[in-house]
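# Working through the structure, step by step
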Amino acid sequence: MASEIKFSSLNCRGLHSADKRKDVFDYLKVRGSHIYCLQDVHWDSNMIATISTEWGGNCFIAPGTNNSRGVAILFNDNFNVTVTRIHCNSNGNLIAVAFQTCQYEVTLVVLYGPNTDTPAFFNEVQNIIEDFNTPHCIVVGDWNVVLDTDMDSLNYLHTNNPKSRQVVHKLMKNLDLFDVWRVFHPITKRFTWRQKNPLKQSRLDYFLVSSGLLNTVTTATITPGYRSDHSMINSSFRLGQMVTGKDFWKFNNSLLEDEAYQKNCKECH
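Read on for an overview of the structure. (Residues numbered from 1 in each chain as written. Predicted model: local features only at pLDDT ≥ 70, side-chain atom pairs only at ≥ 80, totals over all residues. Heavy atoms only, no water.)

A tally of regular secondary structure across the protein chain gives 7 helices and 15 strands. A buried classification covers 51% of the 269 residues belonging to the protein chain. Taking the intrachain contacts of the protein chain between residues at least 6 apart in sequence as the baseline, contacts between residues at least 24 apart amount to 69%. In the form shown here, the protein chain has an accessible surface area of approximately 12700 Å², with 48% of it arising from carbon and sulfur atoms. (Helix = DSSP H or I, 4+ residues; strand = E, 2+ residues; numbered from the N terminus. Buried < 20%, exposed > 50% of the residue type's maximum accessible area, 1.4 Å probe, protein only. Contact = heavy atoms within 4.5 Å. Areas by Shrake-Rupley, 256 points an atom, 1.4 Å probe, with all protein chains shown as cover.)

In structure tokens form, the structure reads like this:
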């Protein structure tokens, strides 16, 4: 029997404060996701035991400092999962775990991409995924890179982090990864980060999923964030049975680079 597993991801904009942390934890637990992927938590190495106690379920943390970086993976306490491997980078902006659930072996990478144009960071992501070498992969977080400047940004005077963007597209091609939001919403403009004055918006947060998992994805949504300037992103996977046959459709991500396709999408929209 298949089980639906829901992932939620949020740039928290700091959870060092005990009051804010309790508030956000309470909010997350009510949402009922199985796995929460958090970025910019501002947890240093001295806080790991405290966070584990406060959350109450399994949690894995790549610590930053008490005022910057830090990423974490929090498992709901009723989610049956076996974690077989963990990797954290020293800067507190990347954590990878290999886990097994419903007979699937998955590498989950949660990242907080650099604000500067740092393509080497995304090369590191690819190296870690290749080293973990599991059949399936999910990469999620605040990338600080948009995949498509026309569809995923508003009111930017310049293209941010263009070298990093090139490497992310190369990573997607090399590892056969797909942007599940764009698969489900090929012509929809939605953003996950906003600045009010002057108004700027972009879709910096997204899931990339390996092709072998695409036919298990049931939803890909952007919902309001909580105590953050980022939206929450969510994706659900129905694991436990493989769906195959003529009814399966897989979006060709290379079309997003095709000028004629982009023009047609905008005209339809």
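It is worth spelling out the side chain of aspartate 142 at this point. Mapped onto the fold, aspartate 142 is located in strand 8 (residues 136-142). Here aspartate 142 is buried and forms no salt bridge, its nearest opposite-charge partner arginine 13 lying at an N-O distance of 9.8 Å. Polar contacts involving the side chain of aspartate 142 include one to the main-chain amide nitrogen of asparagine 144, which spans 3.1 Å. Leave out the neighbours within four places in its chain, and aspartate 142 touches Asn11, Gln39, Leu111, Tyr112, Gly113, Leu204, Asp205 and His230. (Lys, Arg positive; Asp, Glu negative; His and termini not counted. Salt bridge = Lys/Arg side-chain N within 4 Å of Asp/Glu carboxyl O. Polar contact = N/O pair within 3.5 Å; in protein donor to acceptor, adjacent residues only side chain to side chain.)

Another point: the packing of helix 3 (residues 119-132) against helix 4 (residues 162-175). Where helix 3 contacts helix 4, the two axes come as close as 8 Å, and the packing angle between them is 15 degrees. The orientation of helix 3 with respect to helix 4, classified from their angle, is roughly parallel. Where helix 3 crosses over helix 4, the handedness of that crossing is right-handed. For the pair formed by helix 3 and helix 4, the contact residues are Pro119, Phe122, Asn123, Val125, Gln126, Ile129 and Glu130 on the first element and Lys163, Ser164, Val167, Val168, Leu171, Asn174 and Leu175 on the second. Each residue belonging to the contact of helix 3 with helix 4 can be placed in one class, and the counts come to 8 nonpolar, 4 polar and 2 charged. (Axes fitted to C-alpha atoms, helices over the stretch in contact; angles between N-to-C directions. Parallel < 35°, antiparallel > 145°, perpendicular 65-115°, else oblique. Left-handed = near helix turned anticlockwise from the far one by under 90°. Nonpolar A, V, L, I, M, F, W, Y, C, P; charged D, E, K, R; others polar.)

We now examine the sheet that holds strand 1 (residues 3-11). Spatially, 6 strands are ordered 3-4-2-1-15-14 in an open sheet, and the strand pairing comes out mixed. Each edge of the open sheet is held by one strand with a lone partner, namely strand 3 (59-62) and strand 14 (217-223). Taken pair by pair, the neighbouring strands of this sheet meet at an average axis angle of 10 degrees, ignoring direction. Here 4 bridges tie strand 3 to strand 4 (residues 71-75), and the two strands are oriented antiparallel to one another. The residue bridging isoleucine 61 from the neighbouring strand is alanine 72, located in strand 4. Packed on one face of the sheet, helix 2 (residues 48-55) meets strand 2 (35-39), strand 3 and strand 4 and runs near 150 degrees to strand 3. (Pairing = 2+ DSSP bridges.)

Here we come to the pattern of salt bridges. Side chains that differ in charge, positive against negative, can pair when their charged atoms come close. All chains considered together, the criterion is met by 9 salt bridges. Linking aspartate 26 and lysine 22 is a salt bridge whose minimum nitrogen-to-oxygen distance equals 3.0 Å. Here aspartate 26 pairs with lysine 22, and both are found in helix 1 (residues 18-31), just 4 residues apart, close to one helical turn. With relative accessibility at 36%, the residue aspartate 26 sits in the partly exposed group. Lysine 22 sits in the exposed class, given a relative accessible area of 55%. In this structure, arginine 203 and aspartate 179 form a salt bridge, with 2.6 Å as the shortest nitrogen-oxygen distance.

Now for the sheet that holds strand 9 (residues 153-154). The strand order 9-12-11 describes an open sheet built from 3 strands, whose pairing is antiparallel. Only two strands of the sheet have a single partner each, and these edge strands are strand 9 and strand 11 (193-195). When strand 9 meets strand 12 (residues 200-202), the two strands line up antiparallel, connected through 2 bridges. Looking at the pairing, serine 153 lines up with serine 202 of strand 12.

Another aspect to go through is helix 3. For an α-helix the count is 3.6 residues per turn, leaving residues at separations of three or four pointing the same way. For helix 3, with 14 residues, the first-to-last C-alpha span of 21 Å sits near the 20 Å given by 1.5 Å per residue. When helix 3 is considered as a whole, its buried residues turn out to be Phe121, Phe122, Val125, Gln126, Ile128, Ile129 and Phe132. On an axial view of helix 3, the arc spanned by its buried residues comes to 160 degrees, and they lie on one face. Summarising the contacts, the buried residues of helix 3 are in contact with strand 5 (82-88), strand 6 (94-101), strand 7 (104-112), strand 8 and helix 4. At the exit of helix 3 stands asparagine 133, carrying a positive phi of roughly 55 degrees. (Expected span 1.5 Å × (residues − 1). Arc of directions from axis to C-beta.)

So, about helix 1. Its 14 residues give helix 1 an end-to-end C-alpha distance of 20 Å, which sits within 8% of 20 Å, the value for a rise of 1.5 Å per residue. Those residues of helix 1 that sit buried are Lys20, Arg21, Val24, Phe25 and Leu28. The buried side chains of helix 1 occupy one side of the element, clustering within an arc of 130 degrees when seen end-on. Residues of helix 1 that are exposed and point over 90 degrees away from its buried face: Asp19, Lys22 and Val30. Buried residues along helix 1 sit against strand 2, helix 2, strand 4 and strand 15 (232-239). Two residues or fewer past helix 1, glycine 32 is found with a positive phi of approximately 80 degrees.

Don't take any of this as a statement about function, it's just geometry.
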